[in-house]
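# Examining the three-dimensional arrangement
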Amino acid sequence: MQPLISVIPSDERMVHLANYLQEKGAKMCDNLSAIADSGLVLCATPFTKDGVHLNTTLDPAPTIANFLDRLTPSHTLIGGGLPSSVTFFCVQHGIPHYDLLSCENLALQNARLTAEGLLISLLSHTNNSICKMVPLIVGYGRCGKEIADILNYFIEEIYIYDINENAQKEADTRYFSPLSVKEIQNKHSCVSHINTIINTAPTNPFSPQTWQCFEPDCLVFQVASGELSLPFPLQNRCIVCHGIPGSYAPKTAGICMAKEICRHFRFS
């Protein structure tokens with residue numbers, strides 16, 4: 001017998017996910033009280049945008065604490081990018097949980113959709129063609145790599161910064177140009193040419209002093225789900241691009257998540 005499936009509404013991805021799983025008994029919840037007494041509880045990717053509230057279209061958005069209080073060991077929590085505090089709570093209270101982004105294949109698909117969708121934001125927020133961009137990609141993880149690869153079709157010089165030295169070395173082997181904080185602070189000759197910064201790092205990557213080393217007319221695209229603390233005038237030139245797969249290709253992304261849930265839980 002398959003478990004009950006409660007879907008917490010969020011962006012359009014969750015609509016397509018729920019539609020795909022409808023024959024498995026999935027039901028969209030219009031409030032937290034509608035969560036079934038047991039079974040799977042499907043949340044958004046990312047699970048939260050601010051670390052306090054659930055990433056949901058429920059109004060008002062419930063806090064993570066209030067949501068977790070609804071769960072019991074009879075539930076299985078599913079979401080993308082579950083914070084460590086949430087997984088700790090689940091372990092402490094015997095609640096099974098599964099982070100969708102722990103599936104390498106799904107995480108890569110999500111990164112590819114992010115890279116594709118970012119092109120739309122890049123084209124719509126600049127007066128230049130992509131070929132004229134001189135980008136610095138901050139964070140060389142899954143998303144950073146996919147973004148670099150897709151921009152490489154249009155741009156010859158792509159700069160990479162990652163706090164991890166091994167990631168910097170990997171970028172170098174793929175013929176991108178790694179840039180260190182020291183080089184930025186010392187105003188390396190390339191810094192004045194950078195006109196686009198794409199941040200995929202989950203935490204603020206630079207100090208205010210380092211941010212101020214970039215040209216004031218530089219555009220900053222915040223792809224990571226957290227907030228970016230920028231000094232003036234860059235704070236006025238920041239374009240927030242959270243949840244790109246949900247706005248760019250919600251059907252593709254939602255069905256990919258649904259298929260991974262079916263695979264992981266061995267639904268027939």
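Right, let's talk about the nonpolar core for a bit. Within the largest apolar cluster, 25 residues are counted, with the highest numbers of intra-cluster contacts made by Leu118, Leu122, Ile137, Leu151, Ile160, Ile198 and Phe221. For this core, the secondary structure elements donating two or more residues are helix 4 (104–124), helix 5 (142–151), helix 6 (165–173) and strand 10 (219–222). Non-local contacts of Leu118, meaning those with residues more than four positions away in its chain, are made with Ile147, Ile198, Phe221, Val223, Cys241 and Ile244.

Evaluation of the coordinates by the stated rule reveals eight salt bridges. As a salt-bridge pair, Arg13 and Asp11 come within 2.7 Å of each other at their nearest N and O atoms.

Here we have six strands laid out as an open sheet, ordered 8-7-6-9-10-11, and parallel in their pairing. On the outer flanks of this sheet lie strand 8 (177–178) and strand 11 (238–240), each paired with one strand and no other. Where strand 6 (residues 135–138) lies against strand 7 (residues 159–161), three bridges are found, and the strand directions are parallel. Bridge pairing in strand 7 places Ile137 opposite Ile160. Sheet strands in contact with helix 5 are strand 6, strand 7 and strand 9 (196–199), and its direction is about 160° off that of strand 6.

Moving on: the sheet that holds strand 5 (residues 97–99). Read across the open sheet, the five strands follow the order 2-1-3-4-5; overall the sheet is parallel. Strands with a single pairing partner mark the edges of an open sheet, and in this sheet they are strand 2 (26–28) and strand 5. Each strand axis lies, on average, 20° off the axis of its neighbour in the sheet, ignoring direction. In the sheet, strand 4 (residues 75–79) pairs with strand 5 via three bridges, with the strands oriented parallel. Counted as the bridge partner of Ile78 is Tyr98 from strand 5. The sheet strands contacting helix 1 (residues 12–20) are strand 1 (5–7), strand 2 and strand 3 (39–42), and the helix crosses strand 2 at an angle near 145°.

In this section: helix 5. Because an α-helix packs 3.6 residues into every turn, residues spaced three or four apart end up facing the same way. Taken residue by residue, helix 5 has Gly144, Glu146, Ile147, Ala148, Ile150 and Leu151 as its buried positions. Its buried side turned inward, helix 5 meets helix 4, strand 6, strand 7 and strand 9.

Viewed as axis vectors pointing N to C, helix 4 and helix 5 meet at an angle of 50°, and their least axial separation amounts to 8 Å. Looking at the two axes, helix 4 sits oblique to helix 5. For the crossing formed where helix 4 meets helix 5, the hand is right-handed. Contact residues: helix 4 offers Glu104, Ala107, Leu108, Ala111, Arg112, Thr114, Ala115, Glu116, Leu118, Leu119 and Leu122, while helix 5 offers Arg142, Cys143, Glu146, Ile147, Ile150 and Leu151. Considering only residue class, the contact of helix 4 with helix 5 consists of eleven nonpolar, one polar and five charged.

For the bond from Thr45 to Pro46, the omega torsion is 0°, close enough to zero to count as cis. Within the element layout of this structure, Pro46 appears in the loop between strand 3 and helix 2 (64–68). Positioned with a positive phi, Lys187 is a non-glycine residue whose angle comes to about 55°. Structurally, Lys187 is set in the loop between helix 7 (181–185) and strand 9. Classification of Lys187 by relative accessible area gives partly exposed; the value is 43%. If you check the backbone angles, Arg266 has positive phi at about 55° while not being a glycine. As for its placement among the helices and strands, Arg266 is situated in the segment after helix 10 (250–264). Judged by its relative accessible area of 75%, Arg266 is exposed.

About the cut-offs
- Residues numbered from 1 in each chain as written.
- Predicted model: local features only at pLDDT ≥ 70, side-chain atom pairs only at ≥ 80, totals over all residues.
- Heavy atoms only, no water.
- Core = buried A, V, L, I, M, F, W, Y, C linked by side-chain atoms within 4.5 Å.
- Buried < 20%, exposed > 50% of the residue type's maximum accessible area, 1.4 Å probe, protein only.
- Helix = DSSP H or I, 4+ residues; strand = E, 2+ residues; numbered from the N terminus.
- Contact = heavy atoms within 4.5 Å.
- Salt bridge = Lys/Arg side-chain N within 4 Å of Asp/Glu carboxyl O.
- Pairing = 2+ DSSP bridges.
- Axes fitted to C-alpha atoms, helices over the stretch in contact; angles between N-to-C directions.
- Parallel < 35°, antiparallel > 145°, perpendicular 65-115°, else oblique.
- Left-handed = near helix turned anticlockwise from the far one by under 90°.
- Nonpolar A, V, L, I, M, F, W, Y, C, P; charged D, E, K, R; others polar.

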